[in-house]
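# Architecture and fold: a report
One letter stands for each residue in the lines below.
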Amino acid sequence: QQMIGVDSRLFNGIQYAGYPFSFLMGHQFFDTTAAMPGTITYDDVFYNDVQLLYDEVSDKAIVISNQRRVELSSERINAFTILNHHFVRIVKDSSGKTPISKDGFYELLYNGKVQVFKKEAKEVFEELSSEQGILRRILEKLNYYIGKDSSYFPVSNKKDVIAIFKDRKKEVRDYISNNGLSFRNNKEEAITKVSAYYDQLTK
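These numbers were taken from a predicted model, which means no experiment stands behind them.

What counts and what doesn't
Every chain's residues receive numbers from 1 upward, in the order its sequence appears when written. In keeping with the predicted nature of the model, local features appear solely for residues at pLDDT of at least 70, side-chain atom pairs appear and are counted solely at 80 or more, and the whole-chain, interface and lining totals rest on all residues. Computation of side-chain values: all heavy atoms of the structure, hydrogens and water removed. The cut-offs for exposure are 20% and 50% of the maximum accessible area for each residue type, with area from a 1.4 Å probe on protein chains only; residues under the lower value are buried, those over the upper are exposed, and the others partly exposed. The secondary structure listing takes helices from DSSP runs of H or I that are at least 4 residues long and strands from runs of E that are at least 2 residues long, numbered from the N terminus. The arc under discussion is defined with respect to the helix axis, by the directions toward the C-beta atoms. Contacts between residues were defined by any pair of non-hydrogen atoms, one from each residue, lying within 4.5 Å. In this analysis, strands are considered paired if DSSP registers two or more bridges between them. The term salt bridge refers to a side-chain nitrogen of Lys or Arg lying within 4 Å of a carboxyl oxygen of Asp or Glu. Cavities and pockets were defined on a 1 Å grid built over protein atoms only: a cavity is a set of grid points that admits a 1.4 Å probe from which the probe cannot escape, a pocket is an open set flanked by protein on both sides within 12 Å along at least five of seven lines, and lining residues are those with an atom within 4 Å of any such point. Grid points are joined across faces, edges and corners, and a volume is the space filled by probe spheres set on the points. Residue classes follow a fixed rule: Ala, Val, Leu, Ile, Met, Phe, Trp, Tyr, Cys and Pro count as nonpolar, while Asp, Glu, Lys and Arg count as charged, and any other residue, Gly among them, counts as polar. Polar contact is the term for a pair of N or O atoms within 3.5 Å; when the atoms are in protein, one must be able to donate a hydrogen and the other to accept it, and sequence-neighboring residues count only if both atoms are side-chain atoms. Between 30 and 60 degrees the pair is tilted, below 30 it is stacked and above 60 it is edge-to-face, where a pair is any two Phe, Tyr or Trp rings, Trp via its six-membered ring, whose centres lie within 6.5 Å. Charge over a ring is defined by NZ of Lys or CZ of Arg lying within 6 Å of the ring centre and within 35 degrees of the ring normal.

## Some words on helix 2 (residues 169–178)
- Those residues of helix 2 that sit buried are Val 172, Tyr 175 and Ile 176. Seen along its axis, helix 2 keeps its buried residues to an arc of 100°; they face one direction. Seen from the buried face of helix 2, the exposed residues on the opposite side, beyond 90 degrees, are Lys 170, Ser 177 and Asn 178.
- Elements in contact with the buried residues of helix 2: helix 1 (158–164) and helix 3 (187–201).

## What about the sheet that holds strand 11 (residues 151–155)?
- The 11 strands lie next to each other as 1-5-4-3-2-6-7-8-9-10-11, forming an open sheet whose pairing is antiparallel. Strands with a single pairing partner mark the edges of an open sheet, and in this sheet they are strand 1 (14–15) and strand 11.

## Re the pattern of salt bridges
- Applying the stated criterion to the full structure yields 13 salt bridges.
- For Glu 123, the salt bridge goes to Lys 141, with nearest N and O atoms at 3.1 Å. Of this pair, Glu 123 sits in strand 9 (residues 115–129) while Lys 141 sits in strand 10 (residues 133–148), and the two are 18 residues apart along the sequence.
- On the accessibility criterion, Lys 141 (46% relative accessible area) is partly exposed.
- When the shortest N-O distance is used, the salt bridge between Lys 148 and Asp 149 registers 3.2 Å.
- Using a relative accessible area of 61% as the deciding quantity, one classes Asp 149 as exposed.

## Quick notes on empty space enclosed by the protein
- Taken as a whole and judged by the stated rule, the model has one cavity of 30 Å³ or more.
- In terms of lining, the largest cavity is formed by Phe 30, Asp 31, Thr 32, Ala 34, Met 36, Leu 52, Leu 53, Tyr 54 and Ile 82.
- No other element matches strand 3 (residues 45–55), which puts three residues into the lining of the largest cavity.
- For the lining of the largest cavity, a count of residues per class yields seven nonpolar, one polar and one charged.

## Digging into the layout of surface pockets
- Space inside the largest pocket adds up to approximately 240 Å³.
- As for the largest pocket, its lining consists of 13 residues, of which Ser 101, Lys 102, Lys 119, Ala 121 and Asn 143 are closest to the centre.
- Those elements giving two or more residues to the lining of the largest pocket turn out to be strand 9 and strand 10.
- Considering every element that reaches the lining of the largest pocket, the biggest residue donor is strand 9, with four residues.
- Residue classes in the lining of the largest pocket are distributed as four nonpolar, two polar and seven charged.

## With respect to the environment of Arg 137
- Relative to the elements of secondary structure, Arg 137 occurs in strand 10.
- For Arg 137, a relative accessible area of 21% gives the class partly exposed.
- Those residues within four positions of Arg 137 in sequence are excluded, and the remaining contacts are Leu 24, Met 25, Glu 123, Val 124, Phe 125 and Glu 127.
- A distance of 2.6 Å separates the side chain of Arg 137 from the side chain of Glu 127, its partner in a polar contact.

## Here we look at the packing of aromatic side chains
- This model, assessed by the stated rule, comprises 14 aromatic pairs.
- Between Phe 165 and Tyr 198, the ring centres sit 4.2 Å apart and the planes meet at 15°, which makes this aromatic pair stacked. Linking Phe 165 in the loop between helix 1 and helix 2 with Tyr 198 in helix 3, this pair joins segments that are 33 residues apart in sequence. Judged on exposure class, the residue Phe 165 and its partner Tyr 198 are both buried.
- An aromatic cluster of three or more residues is present, and its members are Phe 30, Tyr 54, Phe 80, Phe 87 and Phe 105.
- For the cation-ring pair, Lys 119 lies above Tyr 106, with the distance from its terminal atom to the ring centre recorded as 5.0 Å.
- The aromatic ring of Phe 21 is capped on one face by Arg 136, whose charged end is 3.9 Å from the ring centroid.

Shape is all these values report; function is a separate question.
Next up, the structure:
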């Protein structure tokens with residue numbers, strides 16, 4: 001573990017400029033606009049106790065140093081945590097076999113023999129107002145993926161999960177109904193619990 005000195009190579013990034021306009025609704029950052037304590041693995045070196053922000057519009061991690069916001073090079077980041085949220089960088093497969101459509105940071109929700117990832121992406125939505133000019137708001141998109149056998153599978157409902165875990169279809173289906181898991185009301189919990197259960201089955 002390394003504590004960061006001001007002269008660390010971690011702070012060699014460019015100053016984070018933000019956006020030249022404000023948002024009517026929402027903001028670009030993960031969770032909160034204030035920097036949060038976290039850790040980061042950069043160029044394979046682990047740094048503890050850093051102040052981080054994660055811009056989910058540009059998919060960039062930002063570290064605070066001497067009151068400056070420094071934008072880090074995504075390609076050099078292996079992983080980072082903000083509070084108890086753990087993000088890993090996934091690079092899309094050049095063969096096009098995987099549905100991960102672009103390189104980026106994905107939150108790791110469960111890490112066993114299979115993994116569960118969440119991608120919270122934000123987009124800037126613009127509309128024209130005759131009185132106020134361009135109004136911009138942040139729209140949020142959530143996608144979930146299961147990592148299995150070196151591939152990533154998108155998950156949006158019960159049918160998807162059963163198809164991914166088809167070698168244990170009956171047990172998985174029973175587990176979902178016996179535990180009252182709802183993909184509509186709490187997709188994150190349902191996907192995570194079923195994946196952990198599948199791991200137990202295949203031990």
